Amino acid sequence: AGAIISLEFLNCLSEVVLLHRIKPDTGYFDYTELRTRIEQEYGYTRFARLMAVSENRLAAILRGEGEFTQSEIIRAAALLCIDPVQISAVFFSR
């Protein structure tokens, strides 16, 4: 079943992304919690397929060699049932 994303959720996500935007070369995000959620809910192969990204792209992002787009964060949050309040902790932890 598809997830319904509210306008409030999208506004919250936009604010979080703007507040935490950094240049690609200046930092690395800790995706430990995100990795755990992916492994528990789907596994990497299935999650990448549901995200419509290659496994290589997903692996590179989780290694800190790439960044999620805003639409990928929205999709991942919906797939993993991440509360909008938790987005910052899950996607922008250092």
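About the criteria used
Residues take numbers from 1 onward in each chain, read along the sequence in its written order. Reporting of local features is limited, given that this is a predicted model, to residues whose pLDDT is at least 70; pairs of side-chain atoms are given and counted only at 80 or more, and all residues count toward the totals for whole chains, interfaces and linings. To get the side-chain values, take all heavy atoms of the structure and skip hydrogens and water. Labels follow the DSSP assignment, with helices taken as runs of H or I lasting at least four residues and strands as runs of E lasting at least two, numbered in each case from the N terminus. Burial classes follow relative accessibility: with a 1.4 Å probe on protein chains only, a residue under 20% of its type's maximum area counts as buried, one over 50% as exposed, and anything between as partly exposed. When checking whether two residues touch, look at their non-hydrogen atoms; a contact exists if any pair is within 4.5 Å. We define a nonpolar core as any set of buried Ala, Val, Leu, Ile, Met, Phe, Trp, Tyr and Cys residues linked to one another through side-chain atoms lying within 4.5 Å.

Q: What is the right way to look at the overall build of the protein in this model?
A: Within the protein, the secondary structure is distributed over six helices and zero strands. Each helix (α) and strand (β) of the protein, taken in turn from the N terminus, gives the series α-α-α-α-α-α. Here the protein, with 94 residues, has 31% of them falling under the buried criterion. Of all intrachain contacts in the protein linking residues separated by at least 6 positions in sequence, the fraction that spans at least 24 positions is 66%.

Q: Please clarify how the nonpolar core should be interpreted in this entry.
A: For soluble globular proteins, nonpolar side chains are generally found buried alongside one another. Core analysis: the largest hydrophobic core is formed by 23 residues, its most contacted members being Leu-34, Phe-68, Ile-87 and Phe-91. Looking at this core, the elements that each hand over two or more residues are helix H2 (32-41), helix H3 (44-51), helix H4 (55-62), helix H5 (70-79) and helix H6 (87-91). Per element, the largest residue contribution to this core is four residues, and it comes from H5.

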